[in-house]
Amino acid sequence: MRNWAEVTSARINTVVEAIVAALMLALVLDVWLGVMDRYYFHWQLPWPEVLARYLMIWAAMLAVSSGVARRDHIGLTAFIMAIPFKLRRALLICMDLLALALFLYVAWFGIGFAQSGAPRHAMIFGASLAPFYAAIPAAAFMSSLQLVLVLLRDLGSHIDEPPFADHLEEELP
């Protein structure tokens, strides 16, 4: 089960990171177009700034699940490391379950948030804001999924046995 969770998490994370990279590329090109428009061409395009905002929101929100998959989010471990191993493991599993509850809460209420964007229209695009608002529940769902997978993969041992520690040893001279 642990191997399945690890492989599934890695595959999903690869896809999410590719999507985030594509969104960041689109963001860079969009901002570049906005700068070129403003200083060289003077087309006065109204949409690059707005599109950049929504691309950045989607990229940042989706990147949260990648941080969850890699256990890269910041954590305060000084107190936790002072606790005996078995209690530490149980505490880390409880913290993962609390984080999962938070992500599921945000995903559930994020659906209503995204639906509230449906009747609203971006004046510049003439399109519904629902796809832009959908970044919240989509990212929360992906983070929930990744959290379940890494919880199964690590079972509270990720501080004592970091999931990517073997890669760090290979990179050191």
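Residues numbered from 1 in each chain as written. Predicted model: local features only at pLDDT ≥ 70, side-chain atom pairs only at ≥ 80, totals over all residues. Heavy atoms only, no water.

Undergrad: Would you mind going over the nonpolar core with me for this structure?
TA: Across soluble globular proteins, nonpolar side chains have a tendency to be buried as a group. Of all hydrophobic cores here, the largest spans 12 residues; its members are Ala5, Ile12, Val16, Val20, Leu23, Leu27, Ala52, Leu55, Ala59, Leu62, Met142 and Leu149. Sorting the residues of this core by element identifies helix H1 (2–41), helix H2 (48–70) and helix H6 (135–154) as the ones contributing at least two each. By residue number, the principal contributor to this core is H1, which donates 6 residues. For Met142, the contacting residues outside a window of four places in its chain are Ile12, Val16, Leu62 and Ser65. Listed in part, the 7 residues of the second largest apolar core include Val50, Tyr54, Ala122 and Phe132. (Core = buried A, V, L, I, M, F, W, Y, C linked by side-chain atoms within 4.5 Å. Buried < 20%, exposed > 50% of the residue type's maximum accessible area, 1.4 Å probe, protein only. Helix = DSSP H or I, 4+ residues; strand = E, 2+ residues; numbered from the N terminus. Contact = heavy atoms within 4.5 Å.)

Undergrad: Got a minute to help me understand the pattern of salt bridges in this structure?
TA: Side chains bearing opposite charge may pair, as long as their charged atoms lie close to each other. Applying the stated criterion to the full structure yields 4 salt bridges. With its nearest N and O atoms 2.8 Å apart, the salt bridge here joins Arg71 to Asp154. You can see Arg71 sitting in the loop between H2 and helix H3 (78–81) and its partner Asp154 sitting in helix H6, a full 83 residues away along the chain. Both residues of the pair, Arg71 and Asp154, count as buried. Here the salt bridges share partners, and the residues they tie into one network are Arg71, Asp96, Arg153 and Asp154. (Salt bridge = Lys/Arg side-chain N within 4 Å of Asp/Glu carboxyl O.)

Undergrad: How should a nonpolar patch on the surface be read in this particular structure?
TA: Together, Val31, Val35, Tyr39, Tyr40, Phe41 and Trp43 line one region of the surface with nonpolar side chains, adding up to about 670 Å² of accessible area. With respect to the helices, strands and loops of the structure, Trp43 is situated in the loop between H1 and H2. (Patch = residues over 30% accessible without salt bridge, like charges linked within 9 Å, V, L, I, M, F, W, Y side chains within 5 Å. Areas by Shrake-Rupley, 256 points an atom, 1.4 Å probe, with all protein chains shown as cover.)

Undergrad: I'm lost on the confidence of the model for the protein in this one. Help?
TA: Caution applies to low-pLDDT regions: their predicted coordinates should not be interpreted in detail. For the protein, the mean per-residue pLDDT works out to 86, and 91% of the residues sit at or above 70. Per-residue pLDDT, averaged within each element of the protein, yields its smallest value for helix H7 (residues 165–171) (53) and its largest for H6 (94). (pLDDT = per-residue confidence, 0-100.)

Undergrad: How do you make sense of the packing of H2 against H6 when you look at a structure like this?
TA: Remark: H2 packs on H6, axes separated minimally by 8 Å, with the N-to-C direction vectors making an angle of 10°. The orientation of H2 relative to H6 falls into the category roughly parallel. For the pair H2 and H6, contact is made by Ile57, Trp58, Met61, Leu62, Val64, Ser65, Val68 and Ala69 and by Ala135, Ile136, Ala138, Ala139, Met142, Ser143, Gln146, Leu147, Val150 and Arg153, respectively. A breakdown of the residues in the contact of H2 with H6 according to their chemical character gives 14 nonpolar, 3 polar and 1 charged. (Axes fitted to C-alpha atoms, helices over the stretch in contact; angles between N-to-C directions. Parallel < 35°, antiparallel > 145°, perpendicular 65-115°, else oblique. Nonpolar A, V, L, I, M, F, W, Y, C, P; charged D, E, K, R; others polar.)

Undergrad: What exactly am I supposed to notice about H6 here?
TA: An ideal rise of 1.5 Å per residue puts 28 Å on 20 residues; H6 measures up with 27 Å between its terminal C-alpha atoms. Directly beyond the C-terminal end of H6, a positive phi value near 50° is found at Leu155. (Expected span 1.5 Å × (residues − 1).)

Undergrad: Sorry if this is basic, but what is going on with the environment of Thr14 here?
TA: Within the secondary structure, Thr14 is located in helix H1. A relative accessible area of 52% means that Thr14 is categorised as exposed. Separated by 52 residues in the primary sequence, Thr14 and Ser66 have C-alpha atoms spaced 8.6 Å apart.

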